[in-house]
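Residue-level structure breakdown
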Amino acid sequence: MLTRRPRGTNDVLPVEAARWRALESHIHRLAAAYGYGEVRTPLFEHAELFQRSVGQDTDIVEKEMYVFVDRAGRRLALRPEGTAAVVRAFLEGGLSAAPLPVKLYYAGSAMFRYDRPEAGRYRQFHQAGVEVLGSSDPAADAEVVALAVDLLTGLGLGGLEVRLNSIGCPRCRPAYRERLREHYRPYLDRLCEDCRRRFDGNPLRLLDCKVDRGPAEAAPPLTAFLCDECTRHFRALQGYLNALGLTYTLDPRLVRGLDYYTRTVFEVTHPRLGAQSSLCGGGRYDGLVEALGGPPTPAVGFALGMERLLLALEAEGLAPAAPAGPDVFVGAAGDGVRAEAMALAARLRRSGLTVETDLSGRSLRAQLKHAARLGAPFAVLVGEEELARGAAVLRHLERGEQEEVPLDRLAERLAGLVAGRRAREGSAG
Ligand code: HAM
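Let us look at the structure shown here.

Calculation criteria
- Residues numbered from 1 in each chain as written.
- Predicted model: local features only at pLDDT ≥ 70, side-chain atom pairs only at ≥ 80, totals over all residues.
- Heavy atoms only, no water.
- Near = heavy atom within 4 Å.
- Polar contact = N/O pair within 3.5 Å; in protein donor to acceptor, adjacent residues only side chain to side chain.
- Helix = DSSP H or I, 4+ residues; strand = E, 2+ residues; numbered from the N terminus.
- Pairing = 2+ DSSP bridges.
- Axes fitted to C-alpha atoms, helices over the stretch in contact; angles between N-to-C directions.
- Contact = heavy atoms within 4.5 Å.
- Core = buried A, V, L, I, M, F, W, Y, C linked by side-chain atoms within 4.5 Å.
- Buried < 20%, exposed > 50% of the residue type's maximum accessible area, 1.4 Å probe, protein only.
- Parallel < 35°, antiparallel > 145°, perpendicular 65-115°, else oblique.
- Nonpolar A, V, L, I, M, F, W, Y, C, P; charged D, E, K, R; others polar.
- Expected span 1.5 Å × (residues − 1).
- Arc of directions from axis to C-beta.

A closer look at the site of the ligand
Of all residues adjacent to the ligand, which total 25 residues, the nearest are Glu81, Thr83, Glu131, Arg256 and Tyr261. Measuring from an oxygen atom of the ligand, one finds a backbone N or O atom of Leu279 at 3.0 Å. For the ligand, an oxygen atom lies 3.4 Å from a polar atom in the backbone of Cys280. Those elements that provide at least two residues to the shell around the ligand are β6 (124-133), β10 (278-284) and β11 (299-305). The leading source of residues in the shell around the ligand is β10, at six residues.

Re the sheet that holds strand β2 (residues 44-46)
Spatially, three strands are ordered β2-β4-β3 in an open sheet, and the strand pairing comes out antiparallel. Two strands lie at the open edges of the sheet, namely β2 and β3 (67-69), each paired on one side alone. Between one strand axis and the next, the sheet turns by 35 degrees as a mean value, whatever way the strands run. By the bridge criterion, three bridges tie β3 to strand β4 (residues 75-78) in an arrangement that is antiparallel. Bridge pairing in β4 places Phe68 opposite Leu76. Running at roughly 75 degrees to β2, helix α2 (residues 47-54) makes contact with β2, β3 and β4 of the sheet.

A look at the sheet that holds strand β13 (residues 355-357)
Read from one edge of the open sheet, five strands run β13-β12-β14-β15-β16, paired in mixed fashion. Because the sheet does not close on itself, it has two edges, and the strands there are β13 and β16 (401-406). With strand direction ignored, the average angle separating the axes of adjacent strands in the sheet is 25 degrees. Sheet contacts for helix α12 (residues 338-350): β12 (328-332), β13 and β14 (378-382); angle to β12, the most-contacted strand, approximately 160 degrees. Across the sheet, helix α13 (residues 364-374) is in contact with β12, β13, β14 and β15 (391-396); its angle to β12 comes to roughly 170 degrees.

Some details on the environment of Ala140
By the secondary structure assignment, Ala140 is in helix α5 (residues 138-153). Considering only alpha carbons, one finds Ala140 and Ile60, 80 residues apart in sequence, at a separation of 27 Å. With residues near it in sequence (within four places) discarded, Ala140 still touches Val132, Ser135, Arg284 and Val300.

Description of the side chain of Arg19
Looking at the secondary structure, you find Arg19 in helix α1 (residues 14-34). Ignoring any residue separated from it by four or fewer positions in sequence, one finds Arg19 in contact with Leu310, Glu314, Ala319 and Pro320.

Re the nonpolar core
In this structure, Leu133, Leu151, Phe266, Phe302, Leu304 and Leu309 are the most contacted members of the largest nonpolar core, which totals 94 residues. Sort the elements by how many residues they give to this core and α5 lands first, with ten residues. Of all hydrophobic cores here, the second largest spans 20 residues; its members include Val330, Leu344, Ala345 and Leu394.

A word on the packing of α2 against helix α4 (residues 83-92)
Close contact between α2 and α4 brings their axes to 9 Å; oriented N to C, the two are set at 110 degrees. As judged from the angle between their axes, α2 and α4 are roughly perpendicular. Between α2 and α4, the contacting residues are Leu49, Phe50 and Ser53 on the first element and Ala84, Ala85 and Arg88 on the second. Partitioned by chemical class, the residues of the contact of α2 with α4 number four nonpolar, one polar and one charged.

So, the environment of Leu344
Along the chain, Leu344 falls in helix α12. In this structure, the C-alpha to C-alpha distance between Leu344 and Asn202, residues 142 residues apart in sequence, is 68 Å. In contact with Leu344, not counting residues within four places along its chain, are Val330, Val380, Val382, Leu407 and Leu410.

Quick look at helix α6 (residues 173-184)
Helix length check: α6 (twelve residues) gives 16 Å between terminal C-alpha atoms against 16 Å at 1.5 Å per residue, within 8%. Buried residues of α6: Arg173, Tyr176, Leu180, Arg181, His183 and Tyr184, and no others. One side of α6 holds all its buried residues, which, seen down the axis, span an arc of 160 degrees. Next to the buried residues of α6 lie α7 (193-201), α8 (214-217) and β9 (262-269).

Focus on the environment of Leu246
By the secondary structure assignment, Leu246 is in the loop between α9 (228-243) and β8 (249-250). Residues Leu246 and Cys172, spaced 74 residues apart in sequence, show a C-alpha to C-alpha distance of 28 Å. Those residues in contact with Leu246 that lie beyond four places of it in its chain are Val145, Ala146, Val149 and Leu241.

Structural notes on α7
Among the residues of α7, those classed as buried are Cys195, Arg198 and Phe199. Looking down the long axis of α7, one finds its buried residues gathered within 125 degrees of arc, a one-sided arrangement. Turned more than 90 degrees off the buried face of α7, the exposed positions are Glu193 and Asp200. Where α7 is buried, its residues meet α3 (59-64) and α6.

A few points about unusual backbone geometry
Cis geometry is found at the peptide bond from Leu100 to Pro101, where omega equals 0 degrees. Take Pro101: it is sitting in the loop between α4 and β5 (102-112). Positive phi values are uncommon outside glycine, yet Arg263 reaches one of about 55 degrees. Within the secondary structure, Arg263 sits in strand β9. Among the residues examined, Arg263 registers a relative accessible area of 10% and is labelled buried.

Some thoughts on the packing of α1 against helix α11 (residues 306-315)
Two elements in contact, α1 and α11, have axes whose closest approach is 11 Å; the angle formed by their N-to-C orientations is 105 degrees. Our classification of the angle between α1 and α11 gives roughly perpendicular. Here Glu16, Arg19, Trp20, Leu23, Glu24 and Ile27 of α1 come into contact with α11, specifically with Met306, Glu307, Leu309, Leu310, Leu313 and Glu314. Of the residues belonging to the contact of α1 with α11, the class tally is seven nonpolar, no polar and five charged.

In structure tokens form, the structure reads like this:
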């Protein structure tokens, strides 16, 4: 028990952590290129924020939220998603008074959902996402979809499918809801328990039922019920996406598991992800800012699952490379010079090299073995005699040769060797 992490959580150990950092840097770079500012919100919020935003009768709020009461009796929830918290921060931080649209992103934020864990589905997972607040223009939707695709293809991922739909607005959706209830009424007996419960309150979610796809396949398409404004918006979005050369599939059955969406919804899937194929999902949420007490502020965004992205990259053999070993190992030839070796290692690090040194009091032989295991191409051996001459021995571990180098020229000599080695590796790979 004490050596087992909680179900549905993951440790990120060093090799893996380097991959995460590579992904996060890619996201920070891309977000900057598109002009998005980073936002970091708390891991927990008032539970009511998510009830109001994501929707009371969604799986996320009904079954998956980690809710707890703090010592002062507040009902709090570990955040199950980022959008509601970003909107809260947008309002609380006074950003609604800034020139609009305000373009925000988060990269690798932890989210929590009490879901059934399997490959690609966890109870603590991480999302990167963007939110554009303050534009109803379909160009904003297009930028958000393009950014998602750019982010994924920029990592070399192929085989992506972008599915796109419009789920209308509060003006045109009620008629469709009614039509959908009519369509589903004859099937009521065979619907799953969740669907039967949602039949009255949230019939759109019936289209997403995984238990029986039959009734959804036969359902009338929502797009046939869109009002003129929603139709114009959806067409204009497609026009932008075509101009950007983006390939997408129109999927009239695509609805999302969160209630705040209006008009555009989209998902990006990857074929190698199995059951949890959705890498990224998002859409427009024109009513959310106002529902949380802000001024009318149309908005659009997406979030992608970092763990799923790493799984997709691994499946394609595209996972960022594991970190290289140290440039140099500084060894001490005897206990009497360990402090000098440590001081030399510190000086070499300040010159920009990555340096390992002995922390276990090993013999020199054992230190050299350890250096080879770490993958260091060079070792500097600090010995009393050489120190007295103001020098140290530099050993080329791969070639088995060694030379004596004056201490004041050591950093420069090593930097040259390391650069030469990197250049050779670069041209070989
Ligand atoms: P979502 O579709 O619930 O949307 O989640 C977005 C992505 O997070 C999914 O496509 C998936 O990659 C990942 N994800 C979700 N649940 C899990 C899980 N249990 N384990 C691992 N990965 C998971 C949202 O969260 C919206 N806030 C997106 C959005 C932003 N819409 C507008 N702006």
